[in-house]
Amino acid sequence: QVQLVESGGGLVQPGGSLRLSCAASGIILSVYNMHWYRLSPGKQRDLVASITTDYITYHTDSVKGRFAISRDNAKNTVYLQMNSLKLEDTAVYLCYADRPGSSGSTYWGQGTQVTVSS
């Protein structure tokens, strides 16, 4: 059974930092592209950051210079370091895995809540 389990969310003041983790089980993370999405109330699910199997990263414009995605294949875990958090970063953050060249091999985590509030 494949599971992606996010952790590290919580309540933080503006300007603060959090590090999210997405721990995978049942799959070998090294062959998957990994992504962080976020879902805010009344908004669609938006891609925040991605990291390929070759460690190529992408960050959406609104988080560039503040967030950083990384992966540790030995730990089967992907991370999202979030610094200088803003009110508008409040959302449920979800982890998503997709295997290149295998259209059916995609998995979602359940998400972790990040709330930025003073």
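The coordinates are above.
Residues numbered from 1 in each chain as written. Predicted model: local features only at pLDDT ≥ 70, side-chain atom pairs only at ≥ 80, totals over all residues. Heavy atoms only, no water.

With that settled, the discussion passes to the side chain of Asn-76. Position of Asn-76 among the secondary structure elements: in the loop between β7 (67–72) and β8 (77–82). Of note is the side chain of Asn-76, whose polar atom sits 2.8 Å from the backbone oxygen of Ile-27. The contacts of Asn-76, once residues within four sequence positions are left out, are Cys-22, Ala-23, Ala-24, Ser-25, Ile-27, Ile-28 and Leu-29. (Helix = DSSP H or I, 4+ residues; strand = E, 2+ residues; numbered from the N terminus. Polar contact = N/O pair within 3.5 Å; in protein donor to acceptor, adjacent residues only side chain to side chain. Contact = heavy atoms within 4.5 Å.)

To continue, consider the environment of Thr-115. Mapping Thr-115 onto the fold places it in strand β11 (residues 112–116). Thr-115 sits in the partly exposed class, given a relative accessible area of 26%. The sequence separation of Thr-115 and Gly-10 amounts to 105 residues, and the corresponding C-alpha distance is 6.1 Å. Filtering out sequence-adjacent residues up to four positions away, Thr-115 remains in contact with Gly-10, Leu-11, Val-12 and Thr-90. Engagement of the side chain of Thr-115 in a polar contact is seen with the side chain of Gln-113, the distance being 3.3 Å. (Buried < 20%, exposed > 50% of the residue type's maximum accessible area, 1.4 Å probe, protein only.)

Before going further, it helps to spend a moment on the environment of Ala-24. Positionally, Ala-24 belongs in strand β3 (residues 18–25). Measuring from C-alpha to C-alpha, the distance between Ala-24 and Leu-80 comes to 14 Å, with 56 residues separating the pair along the chain.

The next thing to look at is the sheet that holds β7. In space, the four strands of this open sheet follow the order β1-β3-β8-β7, with antiparallel pairing throughout. Of all strands in the sheet, those bounded by a partner on one side alone are β1 (3–7) and β7. Recorded for the sheet is a direction-independent mean angle of 15 degrees between the axes of neighbouring strands. Bridge count between β3 and β8: six bridges; the pairing is antiparallel. Following the sheet pairing, Ala-23 is matched in β8 by Thr-77. (Pairing = 2+ DSSP bridges. Axes fitted to C-alpha atoms, helices over the stretch in contact; angles between N-to-C directions.)

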